[in-house]
Amino acid sequence: MKLGRAIIPISAIALAAVASIPLYSSPYIISLLFFLFTFIGLAIAYDIFGGFTGYYNLGFGAFFAIGAYTFPILSLGKLGFQAHPILAFLTAPLVSGAAAFLLSYPFLRLRGAYFAVATFGLIPLMYNLARNLSFITGGASGIQIIVTEFFGMLPGFYIAMAVTVAAAITHHLIKRSRVGLALNSIREDEDVASEYGINAFAVKRLVYVISGIFAGILGANFGFGLGVVSPDGILNLEIALAPLIMTIFGGPASLLGAMLGASLITLIQEFLWLNMPFFHLATYGLIILLVAVFAPRGVVHIGVKRRAGRSLTTAPLNA
Amino acid sequence: MSVETHLTIILGGLLLGGLYGLIALGLTMVFGVSRILNVAHGDFVVLGSIFGLLITTFSGLDPFLIIPIIPPLFFAVGVLFEKTMVKRVIMRNTENTLAVSILATLAFAMIVEDISFFGLGQAGLNYVSLRVFLQPINILGFIIPTTRFISLIALVLLAISTRIIIQSTTFGRRLRATIQDRELAEVVGVNVSRMSALSFGFGAALAGISGLFLAMITSLTPFQGLHFTVIALTVVILGGLGSFIGSLVGGLVIGLAEAYTAFYMGTNWARVVAILVMIAVLVVRPSGIFGGRR
C-alpha cells in the first residue's frame, strides 16, 4: 500500500529524468528512446484490448499503420486538400479509432484462434492497400514527410512519452473500473459473462477502439519521427507483431508486464539489428518460440504459482 | 471479351480455388483432430513448391512426374512436425495449449520463411515458379491452355481420392470420429494421439501437393506462407469447419474471385480479395455460408 501511494511521485521523477536524457546525449540515444517509448506505448495500447480480454489481436499493427499513413496523407494534401500538420496529427487517431469501430463488427464476432488468424489478415490487407493505392500512399516507396517547423525524433520522443503516459493512465483506470471487471469476466468465460448480463460485444468493442486510437497516434508519431512512411517500414511483421509479443512476454493485463516486455524486446531487437546482418525474422521467430514455450503467462508471473480456481492471465481460447 | 478469355480465367480460377480448398481442408482436419490452429500450415504449401522446384531442377524430371513423390514426402514432414514441434514444444504447456500453439506455429512460420528466403536467394532465386509450357490445344474450336487443363484433371483426381480417403477408409472414419467427439472416439478404441500425428501428415501432404500445383500455375515467394494460412482460414469461414464440400466450394469462390480481380484490376489487387471476402462474409453472415459455430 505504501508503494501504491509513492508510485505517482516516483514515476514523475523517473519520467523527468528520462525526459532530460536528450539534453546531454547523442542522436543515437535519442532515436533509441524514441523507439523504446513508441513500443512501450504500443504494448500498453495492445494490452488494453488484448491483455484484458485474452484475445490475440494479430491485426493490431493495422491501426498503427492507419495512423502512420493518415498524418502525411492529410498534411501533404494527398487527397486534394491540405490540412494543418497539427490538425492532421490529431485526426490520425480518430481515423484509426473509426477503423477499429467498423472492423469490430466482423472481427469481434469471432473467438479464440479464429479471431487471431482472421485479424492477422488485416496486416497483408493494409500492406497491399498501401502498395496498390500508390496515388495516395506513394506505393512501395512510401511518403516522405517534410514538415519544416517540427521535424525529427526529438519531438517524436517527447510525444511518444506523453502518449505512453496517457495510455498507462487509461490502462490503469480501465483496470480499476466496472469495465475492467467486465473484461475480467469475459476473459475467464465469455458465455457466463453474457449470461450474467454483461454486453460482451459492447465492452470488447469499447476497448478495441481505445486500443486502436492509441495505436493510431503512435503510428502518426512514428512516421513523423522517421520522416518516411512506407509499407515495408510500417507493416513488416516485426513491427506488426511486436506489441503482441511484448505483452505476452511481459505478462498480459499488467502495466508493469507491458512496460517490461516492451523494453526487453526492443533492446534485444536493437542488439540484433546492430549485430546480425540477416536472419532477423528467423531470430525474432525464435524469440517468440522461446516466449511461447517458457513464459506463456509472462515474465512478471514467473515463479508465481497458480492458485486453484484463480487464473491469472490464461485465456480460454477454445473456439 | 471473347469466350476463350473467360474460359481461361475460369479455368485458372477453378484451379486456384480447388487448391485453396485442399489447403483449407488440411488446416481444418488438423484443427479438428488436435485442436491446434497451425499458423504454419501455409508454409507447407510454399515448401511443397520449393521442394518441387529443387527436385525438378536437380533431377531434370517433368513437374507432372514428381506428383507421386510429394504427398508421401510431406506426409512424413507433417508427422515429424507433430512428433517434435507439437508434442515436444506446444504440448509442454497443458493449460494454455491453443494460445501457445498460435504463437509457436507463427514463430515456426517466420523461421521457415526467413531461412527459405535466404536459401533461395543464395541459389539466385527471388521467387518460386515451375512454369511448364505446353502448346495450347484446340478442342471444338476453343483454345485450351494445356498445362492448366492437365493440372485441373490431376486436381480433380486428387480431390476425388481425398474424398475417398476421408469417406471410405478406416483412417478416414477414425479421423472423422475424432473430429466429432474426441472422448467417444477414444472410448471406442481410436488411438487419438496417433490420429493427431496422422492428421498433421495428411494435412501437410495436401498442402505440399497443392504447393507443387500452385508453382505450376503461378509464382510465389517464401513469405507467402502466412498469406496462404489466411486464405485457408477465409475458406473455412466461408465453407464451415471440417466439411469437404464446404472447403471445396469456399475455395472455388475465393479462387474465381481472385482470378477475375487479377484480370480486371491486376494481380496486385488479387491478394486483397480473400481478406475482403472474409470481412464481407463476417458482416453479412457471421456464422458462415454453411453455418456452424466458431
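Refer to the structure above for everything that follows.
Residues numbered from 1 in each chain as written. Chains lettered and ligands numbered in written order. Predicted model: local features only at pLDDT ≥ 70, side-chain atom pairs only at ≥ 80, totals over all residues.

1. Focus on the overall build of chain B
Helix and strand counts for chain B come out as eleven helices and two strands. Ordered by position in the sequence, the α and β elements of chain B form the string α-α-α-α-β-β-α-α-α-α-α-α-α. Relative to its length of 294 residues, chain B is compact, with a C-alpha radius of gyration of 19 Å against a globular reference of 19 Å. Expressed as lengths along the three principal axes of its C-alpha atoms, the size of chain B is roughly 60 × 45 × 35 Å. Residue burial in chain B is summarised as follows: out of 294 residues, 52% are buried. (Helix = DSSP H or I, 4+ residues; strand = E, 2+ residues; numbered from the N terminus. Rg over C-alpha atoms; globule rule 2.2 N^0.38 Å. Buried ≥ 20, exposed ≤ 12 C-beta atoms within 10 Å, placed from the backbone.)

2. Quick word on the interface of chain B and chain A
Opposite the 37 residues of chain B that make contact, chain A presents 38 residues. Elements supplying a minimum of two residues to the side of chain B that touches chain A: helix H4 (97-122), helix H9 (225-239) and helix H11 (267-284) of chain B. Broken down by element, the side of chain B that touches chain A gets its largest block of residues, 15 residues, from H4 of chain B. Its residues assigned to classes, the side of chain B that touches chain A shows 26 nonpolar, five polar and six charged. (Contact = placed C-beta atoms within 7 Å. Nonpolar A, V, L, I, M, F, W, Y, C, P; charged D, E, K, R; others polar.)

3. As for the environment of Leu-276 of chain B
Residues and elements named next belong to chain B. Tracing the backbone through its elements, the reader meets Leu-276 in helix H11. Residue class for Leu-276 comes out partly exposed when judged on the 16 C-beta atoms lying within 10 Å of it. When the C-alpha positions of Leu-276 and Thr-234 are compared, they lie 9.5 Å apart, and in sequence the two are 42 residues distant.

4. Some words on helix H15 (residues 280-294) of chain A
With 15 residues, H15 of chain A should reach 21 Å at 1.5 Å per residue; the first-to-last C-alpha distance of 21 Å fits that figure. By the burial criterion, the buried members of H15 of chain A are Leu-281, Ala-282, Tyr-284, Gly-285, Ile-288, Leu-289, Val-291 and Ala-292 of chain A. (Expected span 1.5 Å × (residues − 1).)

5. Concerning the environment of Leu-155 of chain B
Residue and element names in this part refer to chain B. As for its position among the elements, Leu-155 is in helix H5 (residues 146-168). Taking C-alpha positions, Leu-155 is 18 Å from Val-235, a pair spaced 80 residues apart along the chain. Leave out the neighbours within four places in its chain, and Leu-155 touches Leu-15, Gly-18, Leu-19 and Phe-213.

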